[in-house]
Amino acid sequence: MIEDDRTPRWRRPLPRGTDLPVLMPEAARLARQAERERLAGFRMGALEPRHACFVLIAFLCAAGYVQAQAGAGSPPIIDTIWKWTPLLAKGFAFNIGISALAMAIGTGFGILLGLAQLSRAAPMAKTASFVTHFFRNAPWLVLLFYCMFLLPFKITLFGVVVPLPDWVKATFGLSLPVMANMSEIVRGAVQSIPTGQWESASSFAFSRRQTLWMIILPQCTKRMLPPWMNLYSILTVGTVLVSVVGVSEVMTLAGDALGSENRADLLMPIYFYILVWFFLYCYPIARWTVYLERKYAVDF
Amino acid sequence: MNAFFESFRWLYDTTGINLTIFYDAFDRRRFIGGFVTTVQLAASCIVLSVVIGIAGAWLQGSRLRLTRRVVYWYIQFFRNTPPLVQLYFFYFGVGAYLKTAGGVPLVANVTWAILGLSMYAGAFNVEIFRSGIESVPKATVEAAESFGFSRLQAYRYIVLPLAFRVCLPALNNNLVNLVKTTSISYAIAVPEMLYVSAQIWSDSVNVKEMMNVLLICYVGLVGLFVFAMHRWERAMRVPGYGA
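Computed from a prediction, not measured in an experiment: that's the story for all the values here.

Undergrad: Is there a simple way to explain the overall build of chain B in this structure?
TA: Looking only at helices and strands, one finds 10 helices and zero strands in chain B. Ordering the α and β elements of chain B from the N terminus gives α-α-α-α-α-α-α-α-α-α. The globule rule puts the C-alpha radius of gyration for 243 residues at 18 Å, and the 23 Å found for chain B is more than 25% above it. Taken along its principal axes, the extent of the C-alpha atoms in chain B is 75 × 50 × 25 Å.

Undergrad: In this structure, what is going on with the overall build of chain A? I would like to understand it.
TA: Regarding its fold elements, chain A presents 10 helices and two strands. Listing each helix as α and each strand as β along chain A from the N terminus yields α-α-α-α-α-β-β-α-α-α-α-α. Buried residues in chain A amount to 28% of all 300 residues. Long-range pairs, those at least 24 residues apart, make up 70% of the contacts in chain A between residues at least 6 apart in sequence.

Undergrad: Quick question: what am I supposed to make of the interface of chain B and chain A here?
TA: How big an interface is tends to be reported as the loss of accessible area on association of its parts. Taken together, the contact between chain B and chain A spans 31 residues of the former and 28 residues of the latter. Looking at the side of chain B that touches chain A, the elements that each hand over two or more residues are helix 4 (65–79), helix 5 (83–94) and helix 10 (207–236) of chain B. Per-element tally for the side of chain B that touches chain A: the top contributor is helix 10 of chain B, with 10 residues. When its residues are assigned to classes, the side of chain B that touches chain A shows 21 nonpolar, seven polar and three charged.

Undergrad: Mind showing me how you'd approach the nonpolar core here?
TA: Proteins that are soluble and globular tend to have nonpolar side chains buried together. In this structure, L141, L144 and I274 of chain A together with V85 of chain B are the most contacted members of the largest nonpolar core, which totals 109 residues. Of all the elements, helix 6 (residues 109–135) of chain B adds the most residues to this core, at 13 residues. Once residues within four sequence positions are removed from consideration, L144 of chain A is found in contact with A170, G173, L174, L241, V242 and V245 of chain A.

Undergrad: Would you take a moment to explain the packing of helix 9 (residues 193–204) of chain B against helix 10 of chain B for this structure?
TA: When two helices pack together, you describe them by how their axes are tilted relative to each other and by the distance separating the axes. Residue and element names in this part refer to chain B. It is the contact of helix 9 with helix 10, at a shortest axis distance of 9 Å, that shows an interaxial angle of 165°. With respect to helix 10, the element helix 9 is oriented roughly antiparallel. Here helix 9 runs over helix 10; the crossing is right-handed. Between helix 9 and helix 10, the residues in contact are M193, L194, S197, I200 and W201 and V207, M210, L214 and C217, respectively. Its residues assigned to classes, the contact of helix 9 with helix 10 shows eight nonpolar, one polar and no charged.

Undergrad: Just checking my understanding: could you explain the confidence of the model for chain B for this structure?
TA: Interpretation of the predicted coordinates at a detailed level should be avoided for regions scoring low in pLDDT. With 98% of its residues at a pLDDT of 70 or more, chain B shows a mean pLDDT of 87. Across the assembled chains, the prediction reports ipTM 0.85 with pTM 0.80.

Undergrad: Honestly, the environment of F77 of chain B in this entry has me stumped. Any pointers?
TA: Mapping F77 of chain B onto the fold places it in helix 4. For the pair F77 of chain B and W58 of chain B, spaced 19 residues apart in sequence, the C-alpha separation works out to 19 Å.

Undergrad: What am I meant to see in the pairing of strand 2 (residues 160–163) of chain A here?
TA: Residue and element names in this part refer to chain A. Of the pairings in the sheet, the one linking strand 1 (residues 154–157) to strand 2 comprises four bridges and is antiparallel in character. Of the residues in strand 2, the one forming a bridge with K154 is P163. What sits between strand 1 and strand 2 in their antiparallel hairpin is a turn of two residues, with F158 showing a positive phi close to 50°.

Undergrad: Before we go on, may I ask you to explain the environment of Y72 of chain B in this structure?
TA: Its place among the elements puts Y72 of chain B in helix 4. Taking the C-beta count within 10 Å as the criterion, Y72 of chain B has 15 such neighbours and is therefore assigned partly exposed.

Undergrad: Honestly, the environment of S150 of chain B in this entry has me stumped. Any pointers?
TA: All names here are of chain B. Tracing the chain through its elements places S150 in the loop between helix 7 (138–146) and helix 8 (151–181). According to the C-beta neighbour criterion, S150 is exposed, with 10 such atoms within 10 Å. In the structure, S150 is positioned 124 residues away from F26 in sequence and 60 Å away in space, judged by C-alpha atoms.

Undergrad: Got a minute to help me understand helix 9 of chain B in this structure?
TA: Working note: α-helix, 3.6 residues per turn, so residues spaced by three or four point in the same direction. Taking 1.5 Å of rise per residue, 12 residues should cover 16 Å, and helix 9 of chain B covers 16 Å from first to last C-alpha, within 8% of that figure. Along helix 9 of chain B, the residues classified as buried are M193, L194, Y195, V196, S197, I200 and W201 of chain B. In this fold, the buried residues of helix 9 of chain B make contact with helix 5 (140–150) of chain A together with helix 2 (20–23), helix 3 (25–60) and helix 10 of chain B. Trailing helix 9 of chain B by a residue or two, V205 of chain B shows a phi angle of about 50°, which is positive.

Undergrad: Could you clarify how one ought to interpret unusual backbone geometry in this entry?
TA: Here A205 of chain A, not a glycine, exhibits a phi torsion of approximately 65°, which is positive. Phi at V205 of chain B is positive, roughly 50°, even though this residue is not glycine. When you line up the elements, V205 of chain B lands in the loop between helix 9 and helix 10.

Undergrad: Please explain the packing of helix 6 of chain B against helix 8 of chain B as it appears in this structure.
TA: All names here are of chain B. Running from amino to carboxyl end, helix 6 crosses helix 8 at an angle of 155°, the nearest separation of the two axes being 8 Å. The angle between helix 6 and helix 8 places the two elements in the roughly antiparallel class. As for how helix 6 packs across helix 8, the hand of that crossing is right-handed. Here L117, A121, F124, N125, I128, F129, S131, G132, I133 and S135 of helix 6 come into contact with helix 8, specifically with V159, A163, F164, V166, C167, A170, L171, N174, L178 and T181. When its residues are assigned to classes, the contact of helix 6 with helix 8 shows 14 nonpolar, six polar and no charged.

Criteria and thresholds
- Residues numbered from 1 in each chain as written.
- Chains lettered and ligands numbered in written order.
- Predicted model: local features only at pLDDT ≥ 70, side-chain atom pairs only at ≥ 80, totals over all residues.
- Helix = DSSP H or I, 4+ residues; strand = E, 2+ residues; numbered from the N terminus.
- Rg over C-alpha atoms; globule rule 2.2 N^0.38 Å.
- Buried ≥ 20, exposed ≤ 12 C-beta atoms within 10 Å, placed from the backbone.
- Contact = placed C-beta atoms within 7 Å.
- Nonpolar A, V, L, I, M, F, W, Y, C, P; charged D, E, K, R; others polar.
- Core = buried A, V, L, I, M, F, W, Y, C linked by C-beta atoms within 7 Å.
- Axes fitted to C-alpha atoms, helices over the stretch in contact; angles between N-to-C directions.
- Parallel < 35°, antiparallel > 145°, perpendicular 65-115°, else oblique.
- Left-handed = near helix turned anticlockwise from the far one by under 90°.
- pLDDT = per-residue confidence, 0-100.
- Pairing = 2+ DSSP bridges.
- Expected span 1.5 Å × (residues − 1).

Here's what the structure looks like:
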């Protein structure tokens, strides 16, 4: 990092030595923590006993409230939610599964589409750009409906009948917008590499393909990682949409649970419970993304 | 006009492409109603989510740590959970408690859709506005102060116009996403474009045609919105700032 007066004070590296040897161990620890926090972009709070007290009080209040709401004669809401947890967990695992599958398919095709957008053959680049924008502009739910209704339930490949169950079609429907967004991520990352890289590669007699594969793309992976993870988060919260088109996942199972319990006071806790599940899965990913973004940020 | 509509009946008779939304007055009215609802829904959500964004960004600059914490967790919670489940939570969960004695819901599903989607998009907007405000150098504010601007005046005439221009691309991106996300209010039976299309294709059994019409309408609508926002973005660009 260049050090001058324009560097904000908080970004200047800390002095290595200090005149106060007495403070050394603490100062070093604080400096390390400050460095970590700068990288992470948020204060890494040390847990204190009062935090545990606060969580405990909140939990007891919520439990008491929920218990009071349950009314006489019906089992407590917490027990009911606990009873359905294994089933909901299975549904949630299915959501994670199709999110991973759709991400894999979408990323693969997205990279190809993104590279096609960068092609020097104008018709190829134009077509790829059109496809990208088309799928980026279409709502996820509409694409899902499209795939569910218009893909056949089985296909014949070389005389072999391959069945296409609903969840496969839904996964394919989810991977279409992922593909389009991935294509834009690839294009953006490649174009963010300074032109000097291309020029110096060609002065070393690299062909265009060699430059792309050996010089440009390796530099792009770091830049593409944070937006790619962001996309994965968006896809994961998008997987619940498949319940709307009739594929059984966590929301469908929650609906079944609610149907068999048939209690109006259970609606809010169950939906909130699912929200918390998704939050616990996606929030760490989001934090990690922010961390990587700062780590790989280009220092101007 | 009638001849134009009737030509689609001829199209159906000759090719089997059944576009009821053109030759059937009832379906046509339904579809136009759905399109208008989608546009109204999107417009209301855009306005409300921008208001939430500005208010949230202002609250995040608060001196009270509790306020900042609350805004932070609001953003994180709404960003990292499925908007569809949020909508269910509001409509079925919270809505279950907001009923008259006769069981009539006090808040209509359209209202819940607007509230839920705006809260969702608003969470993103808060972050966007805050990053815009933070990107205005402190020296600019100091320069304004040295010209005798008051704090509020500096905010109103210097910081906000600059911040707005800086965050416009990110804001546009989010608003475009919001317009697309309005389609999930299908799940709580808001009669928007997707919902009426589903009604039409189950009445007239023309799934394939309606799916294509729907896709074209959405891509067209969002494309138009993207185009307009891009034009605006370019007109508002700060010369010499960014690429």
